[in-house]
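This is what each chain is made of:
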Amino acid sequence: MAHTQLYDYEPKEPVLLGGTHSQFSTDGGTTWKALRGAQEIGDIGDIAESVECTTIDDSRKMYRGGLKDSSEKELTIYFYDDDADQKALIAAAKAQQTVTVRHQWPNGTIASYDLKLLGYQIMSGSADGFMQLKVSGRQASDVVWSTAAEQTKSNGGK
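This write-up is about the structure you can find in this document. Treat the numbers as computed from the prediction; the structure is a model and nothing was measured. (Residues numbered from 1 in each chain as written. Predicted model: local features only at pLDDT ≥ 70, side-chain atom pairs only at ≥ 80, totals over all residues. Heavy atoms only, no water.)

1. Considerations on the overall build of the protein
And then number 1: Counting its secondary structure elements, the protein contains 2 helices and 10 strands.
And then number 2: A globule of 158 residues ought to have a C-alpha radius of gyration of about 15 Å, yet the protein, at 21 Å, is considerably larger.
And then number 3: Considering only C-alpha atoms, the protein reaches an extent of 65 × 45 × 45 Å along its principal axes.
And then number 4: Buried residues in the protein amount to 25% of all 158 residues.
And then number 5: Across the protein, every contact between residues at least 6 apart in sequence was considered, and the portion connecting residues at least 24 apart equals 60%.
And then number 6: Here the protein has roughly 11500 Å² of accessible surface; of this, 50% comes from carbon and sulfur atoms.
And then number 7: Computed over 16 positive and 22 negative side-chain charges, the inter-centroid distance for the protein is 5 Å. (Helix = DSSP H or I, 4+ residues; strand = E, 2+ residues; numbered from the N terminus. Rg over C-alpha atoms; globule rule 2.2 N^0.38 Å. Buried < 20%, exposed > 50% of the residue type's maximum accessible area, 1.4 Å probe, protein only. Contact = heavy atoms within 4.5 Å. Areas by Shrake-Rupley, 256 points an atom, 1.4 Å probe, with all protein chains shown as cover. Lys, Arg positive; Asp, Glu negative; His and termini not counted. Charge placed at Lys NZ, Arg CZ, Asp CG, Glu CD.)

Laid out in structure tokens, this is it:
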């Protein structure tokens, strides 16, 4: 028996994470510092918990979206002891500051958000492994999604 396709589909190549650039700002986005050596940037975005709102009139349980909650985040980066920007990130993590973070993927997608830093650790490893930092925090704002093309337009084509 033949079936009708629900939609036309042409497979596309997925976007690799390699080539993603990350930055952070300690002054609300006026100046940016490079987050070099990033290995993992964690999940980005918000998910609302479901909240039951069933009444006695309902014949099944009913739900609505509750308040958005952000998961805890860990930035895993190679430790470069001569990198001034990493030193600034470590200082901000020690002071448990809130920083603005942005990531740009190779396809031009950009995510910006505030991150409440909760500290950092040098990760354990093996004798032939590289030193890595784990900077912990919790997303403290909604994610602002944009594209590099939109940013270029808003900066007057620069």
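2. Things to note about the pairing of strand 9 (residues 132-139)
And then number 1: Among the 8 residues that make up strand 9, 6 are buried, leaving the element largely enclosed by the rest of the structure.
And then number 2: As judged from the 7 bridges shared by strand 8 (residues 109-122) and strand 9, these two strands associate in the antiparallel manner. Residue pairing in the sheet places L115 in a bridge with Q139 of strand 9. (Pairing = 2+ DSSP bridges.)

3. Topic: the pattern of salt bridges
And then number 1: In total, this model carries 6 salt bridges according to the counting rule given.
And then number 2: Notably, a salt bridge pairs D85 with R36, separated by 3.1 Å at the nearest N-O pair. With D85 in helix 1 (residues 84-94) and R36 in the loop between strand 2 (33-34) and strand 3 (38-40), this pair connects stretches of sequence that are 49 residues apart.
And then number 3: In this structure, the salt-bridge partner of D142 is K68, at a minimum N-O distance of 2.9 Å. In this pair, D142 is assigned in the loop between strand 9 and strand 10 (144-147) and K68 in strand 5 (residues 63-69), connecting sequence segments 74 residues apart.
And then number 4: Classification of D142 by relative accessible area gives partly exposed; the value is 45%.
And then number 5: A single salt-bridge network, built from bridges that share partners, covers R36, D83 and D85. (Salt bridge = Lys/Arg side-chain N within 4 Å of Asp/Glu carboxyl O.)

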